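Spelled out from the first residue to the last, the chains are:
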Amino acid sequence: MNFFMTITLMAMGTYLLRATPFLFKTGKKTGPTWLKKIMEAIPAAALGALLFPSALQSVPGKPFAGIAGVLLAFIVGLASKNTLLAFGSGLLLTFVLII
């Protein structure tokens, strides 16, 4: 029972944090453009911070495979602005380097 209570409380807390901006939003208030740019970059930065350490440890004994895949995905993503293409190219390179 303690496990389900923990999951339920965590779900409620997460929902509250996500719903709070919508509950208190009144009218059209716009912030400075520099703040908007920073806020748009936060999800990508957080995702990178979460994924990069695991890319280093993705293949035991071959850390360069994960690093090369991440670097290729980054370069392809910047060049093409296509998330699926970037993900696929990084995954394919990592797979080829593992074999």
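What comes next is a walk through the structure. (Residues numbered from 1 in each chain as written. Predicted model: local features only at pLDDT ≥ 70, side-chain atom pairs only at ≥ 80, totals over all residues. Heavy atoms only, no water.)

**Comments concerning the overall build of the protein chain**
For clarity, the cut-off: Numbered from the N terminus, helices here are DSSP runs of H or I no shorter than four residues, and strands are runs of E no shorter than two. Radius of gyration here is computed from C-alpha atoms only, and the compact-globule reference equals 2.2 Å multiplied by the residue count raised to the power 0.38. The rule is simple: take the accessible area with a 1.4 Å probe, protein chains only, and divide by the maximum for that residue type; under 20% is buried, over 50% is exposed, in between is partly exposed. Note on definitions: a residue-residue contact is assigned when non-hydrogen atoms from the two residues lie within 4.5 Å. Only the protein chains shown count as covering a residue, and every accessible area follows the Shrake-Rupley method with a 1.4 Å probe.
A tally of regular secondary structure across the protein chain gives 4 helices and 0 strands. In terms of overall dimensions, the protein chain is more spread out than a globule: its C-alpha atoms have a radius of gyration of 19 Å, far above the 13 Å expected for 99 residues. Based on the C-alpha atoms only, the size of the protein chain along its principal axes is roughly 55 × 45 × 20 Å. By residue count, 12% of the 99 residues in the protein chain fall in the buried class. Sequence separation of at least 24 residues holds for 36% of the intrachain contacts in the protein chain that already meet a minimum separation of 6. Surface accessibility of the protein chain: about 8,500 Å² in total, with carbon and sulfur atoms responsible for 78%.

**Points about a nonpolar patch on the surface**
To keep things clear, this is the line we draw: To count toward a patch, a residue needs a relative accessible area above 30% and no salt bridge. Like charges then connect within 9 Å, nonpolar side chains (Val, Leu, Ile, Met, Phe, Trp, Tyr) within 5 Å. Every case where a carboxyl oxygen of Asp or Glu lies within 4 Å of a side-chain nitrogen of Lys or Arg is listed as a salt bridge.
A contiguous nonpolar patch, built from Trp34, Leu35, Ile38, Met39 and Ile42 and spanning about 510 Å² of accessible area, is present on the exposed surface. Within the secondary structure layout, Ile42 lies in helix H2 (residues 33–56).

**A look at H2**
Using the following cut-off: Any helix carries an expected span of 1.5 Å times its number of residues minus one. Here the bend at a residue means the angle between the axes of two seven-residue stretches, the one that ends at it and the one that starts at it.
Counted at 1.5 Å a residue, the expected span for H2 with its 24 residues is 34 Å, and the 35 Å between its end C-alpha atoms agrees. The principal kink in H2, of about 35°, is found at Ile42, preceding the proline Pro43 by one to four residues.

**Remarks on the side chain of Thr94**
With respect to the helices and strands, the residue Thr94 is situated in helix H4 (residues 83–98). Once residues lying within four places of it in the same chain are set aside, the contact partners of Thr94 are Ala65, Gly66 and Gly69.

**A short note on the environment of Met10**
Mapped onto the elements, Met10 comes out in helix H1 (residues 2–23). For the pair Met10 and Gly88, spaced 78 residues apart in sequence, the C-alpha to C-alpha distance is 33 Å.

The quantities given are spatial measurements derived from coordinates; they are silent on function.
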